[in-house]
Amino acid sequence: MSELRDPPVHDLTPEDVAKGLAQGTVLLVDVREPNETAIERYPGAAIVPLSSFDPSQIPDPQGKQVVFACRSGKRSVTASLAAQAAGLPYDKHLAGGILGWKAAGLPTKAGG
């Protein structure tokens with residue numbers, strides 16, 4: 001059970017996010033740092049590092065659901081809260097981050 005957050009941030013499973021990416025209904029926003037994304041990336045994710053996080057840097061989702069992701073699921077919550085504080089309705093994140101993504105057997109891309 002995750003802690004209560006105000007405003008809420010909703011957990012999505014790796015399977016939920018992968019399905020949304022495949023269906024074109026999710027914009028995945030990776031908030032890990034360049035040194036992390038240089039090693040390994042989520043396929044198709046936009047990269048907006050949390051260290052210099054600016055919600056205006058998030059690409060226009062064009063009707064897609066914005067989902068934040070990081071390594072383990074902590075920074076993605078921080079990013080979602082920051083986006084909500086900026087007035088954006090982005091209240092979803094990938095629970096477990098890239099660690100959970102890989103544990104679910106989902107593919108990653110080499111960085112670069």
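Everything numeric here is computed off the predicted structure, so don't read it as measured data.

Notes on the overall build of the protein
- Secondary structure assignment for the protein yields four helices and seven strands.
- Of the regular secondary structure in the protein, the N- to C-terminal order runs β-α-β-α-β-β-β-α-β-α-β.
- The C-alpha radius of gyration of the protein comes to 13 Å, within 12% of the 13 Å expected for a compact globule of 112 residues.
- Projected onto its principal axes, the C-alpha positions of the protein cover 35 × 30 × 25 Å.
- In the protein, buried positions account for 45% of the 112 residues.
- Surface summary for the protein: the accessible area is close to 5900 Å², and the carbon and sulfur share equals 54%.
- With 11 positive and 12 negative side-chain charges, the protein shows a separation of 6 Å between the mean positions of the two kinds.

Let's talk about the pattern of salt bridges
- Using the criterion set out here, one finds four salt bridges in the structure.
- When the shortest N-O distance is used, the salt bridge between Arg75 and Glu36 registers 2.8 Å. You can see Arg75 sitting in helix α3 (residues 75-85) and its partner Glu36 sitting in helix α2 (residues 34-37), a full 39 residues away along the chain.
- Judged by its relative accessible area of 24%, Arg75 falls in the partly exposed class.

Here we look at the packing of aromatic side chains
- Enumeration according to the criterion identifies three aromatic pairs in this entry.
- Considering the side-chain rings of Phe53 and Phe68, the 6.0 Å spacing of their centres and the 70° angle between planes classify their relative orientation as edge-to-face. Placement of Phe53 in the loop between β4 (46-47) and β5 (65-69) and of Phe68 in strand β5 is noted, with a sequence separation of 15 residues between them. The pair formed by Phe53 and Phe68 is uniform in burial state, with each residue classed as buried.
- Here a set of aromatic residues connected by ring pairs shows up, and it is made of Phe53, Phe68 and Tyr90.

What to know about the nonpolar core
- Ranked by internal contacts, the top residues of the largest apolar core, which has 14 residues, are Val29, Val31, Phe53, Ile58 and Phe68.
- Elements with a minimum of two residues in this core: β2 (26-30), β5 and α3.
- Residues contacting Ile58, with those up to four places away along its chain left out, are Leu27, Val29, Val48, Phe53, Phe68, Leu88 and Tyr90.
- Leu12, Val17, Ala45 and Leu94 belong to the second-largest nonpolar core, a separate cluster that totals twelve residues.

What to know about the environment of Leu88
- If you trace the backbone, Leu88 turns up in the loop between α3 and β6 (92-94).
- Residues Leu88 and Ser56, spaced 32 residues apart in sequence, show a C-alpha to C-alpha distance of 9.6 Å.

Rules used throughout
- Residues take numbers from 1 onward in each chain, read along the sequence in its written order.
- Residue-level local features of this predicted model are given only where pLDDT is at least 70; pairs of side-chain atoms are given and counted only at 80 or more, and the full residue set underlies all totals for whole chains, interfaces and linings.
- To obtain the side-chain values, all non-hydrogen atoms of the structure were included, while hydrogens and water were left out.
- Labels follow the DSSP assignment, with helices taken as runs of H or I lasting at least four residues and strands as runs of E lasting at least two, numbered in each case from the N terminus.
- Here the globule rule is a power law, 2.2 Å times the number of residues to the power 0.38, and the radius of gyration is based on C-alpha atoms.
- Here the term buried applies to any residue with accessible area under 20% of the maximum for its type, exposed to any over 50%, and partly exposed to those in between, with areas from a 1.4 Å probe on protein chains only.
- Computed with a 1.4 Å probe, the accessible areas rest on the Shrake-Rupley method; for each residue, only the protein chains presented here act as cover.
- Within this scheme the basic residues Lys and Arg register as positive and the acidic residues Asp and Glu register as negative, but His and the chain ends are omitted.
- Charge positions are represented by NZ for Lys, CZ for Arg, CG for Asp and CD for Glu.
- Here, a salt bridge means any Lys or Arg side-chain nitrogen found within 4 Å of an Asp or Glu carboxyl oxygen.
- Pairing of aromatic rings covers Phe, Tyr and Trp, the last through its six-membered ring, and needs centres within 6.5 Å; plane angles under 30 degrees mean stacked, over 60 mean edge-to-face, and all others mean tilted.
- In this description, a nonpolar core means a group of buried Ala, Val, Leu, Ile, Met, Phe, Trp, Tyr and Cys residues linked to one another through side-chain atoms lying within 4.5 Å.
- In this description, contact between two residues means that some pair of their heavy atoms is separated by no more than 4.5 Å.

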